[in-house]
Amino acid sequence: KFIKKGGKMSKAVVFGSFVVDLMARSPHLPVPGETVKGSYFKMGPGGKGFNQCVAAHKAGAEVTMVTKLGRDAFGKVATDTMDRLNMPKDNLLFSDTEDTGIALILVDENTAQNEIIIVPCALNTITDEEVKGTEKLLSDAEYVLLQLEVNQDANEKIVKLAKKHNCKVIVNTAPYSPISEEFLSDVYMVTPNEVEAREITGVEVKDLESCNKAANFFKEKGVEIVVITLGEMGAYVSVKEKSAIISPYKVKAVDTTGAGDAFNGALLAALTEGKDIFEAVKFANAGAALSVQKYGTTPSMPDRREIEDFILEQNKK
């Protein structure tokens, strides 16, 4: 199932965040100063890094999670989830002083739109020594997937280590925060959504022409492949001289919270199997389409059989 390339097994690492999601649904999202009576509450595992790793794992990838937890009850939510999904825990990091990160998520039950506040806690304290401890993992991996929910100096050092070992770096530029040209110069692929693409490049992405303009910004910094998720428009892909917008699968969304993470995880899984980027994005679109039909983030990530059955069903239409 996993393809050997250049003497290296196609393994992947996700270096990023775990937070406990505290999610409430209500008839509408509150405006400043307003209290809204909610209809539903759920606590569960989340964080962009963790969601993406679970999505990749469930989609069939051989993938290892590196994140930092507190030694508290919320940290146990991560380890219990990993046990249940049979995910390796050998590379988890722990803080003796900081709590596990949390995310407060508000979801409009009528529109499925959401507002999220992240409090990183332990995720802001990844040390140089802890980064160096990932070197063996990176030397054995073909891809490492990062986001922007941990202290950025740790991300920057991971990118340098990955480059040293010819491990391709994918950066999901979420949530948006400023990133340096030097950081981008060592990145193989970026996967912003339309808001992050605009914040980073200054280009309002709304069609193929504007996406190409934004992609050129990244490519001038050294990025080889640009994937921009465009919500209901699908996903834009640019590699070398070829670019296209891959249409999404049309489904009824009940909760869009984990869609980007489902996309990135399924994309990583497809890439580790040797799919070309355009096929990988179609596979990732299916993962995202399935995730928005369920509530929650980590729990909404589809498994391999669900994705394959969904694609087969959609191809019959």
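So, here is what we can say about the structure in this document.

1. A closer look at the pairing of strand β14 (residues 225-229)
Turning to step 1, where the next piece is worked out: Most of β14 is tucked away: five of the five residues are buried.
Turning to step 2, where the next piece is worked out: The alternating pattern of β14 places Ile-225, Val-227 and Thr-229 and Val-226 and Ile-228 on opposite faces, both of which are buried.
Turning to step 3, where the next piece is worked out: Where strand β13 (residues 189-190) meets β14, two bridges bridge the pair, whose relative direction is parallel. Counterpart to Met-189 in the pairing with β14 is Ile-225.
Turning to step 4, where the next piece is worked out: Strand direction decides the pairing type here: β14 and strand β15 (residues 235-239), joined by five bridges, are antiparallel. Bridging across to β15, Ile-225 finds its partner in Val-239.
Turning to step 5, where the next piece is worked out: The hairpin turn running from β14 into β15, its antiparallel successor, is five residues long, and Gly-231 in that turn takes a positive phi close to 60°.

2. Some remarks on the side chain of Thr-100
Turning to step 1, where the next piece is worked out: By the element assignment, Thr-100 lies in the loop between β8 (93-95) and β9 (101-108).
Turning to step 2, where the next piece is worked out: In this structure the side chain of Thr-100 is engaged in a polar contact, spanning 2.6 Å, whose partner is the side chain of Asp-72.
Turning to step 3, where the next piece is worked out: A distance of 3.2 Å separates a polar side-chain atom of Thr-100 from the backbone nitrogen of Gly-75.
Turning to step 4, where the next piece is worked out: Beyond its immediate chain neighbours, meaning those up to four positions away, Thr-100 contacts Phe-18, Leu-69, Gly-70, Asp-72, Phe-74, Gly-75 and Cys-121.

About the criteria used
Residue positions are counted from 1 within each chain, in the order its sequence is given. Whole-chain, interface and lining totals are the exception, using all residues; otherwise, since this is a predicted model, local features are given only for residues with pLDDT of at least 70 and side-chain atom pairs are given and counted only at 80 or more. Each side-chain value is derived from all of the structure's non-hydrogen atoms; neither hydrogens nor water enter the calculation. Throughout, exposure labels follow a simple rule: accessible area from a 1.4 Å probe, protein chains only, divided by the maximum for the residue type, with under 20% read as buried, over 50% as exposed, and the rest as partly exposed. Secondary structure elements follow DSSP: runs of H or I no shorter than four residues count as helices, runs of E no shorter than two count as strands, and numbering proceeds from the N terminus. Pairing between two strands is assigned when DSSP locates at least 2 bridges connecting them. The term polar contact refers here to a pair of N or O atoms within 3.5 Å; inside protein, the definition further demands a hydrogen-donor-capable atom paired with an acceptor-capable atom, and it admits residues adjacent in sequence only when both atoms are side-chain atoms. Contacts are residue-level and defined by heavy atoms, with any inter-residue pair within 4.5 Å sufficient.

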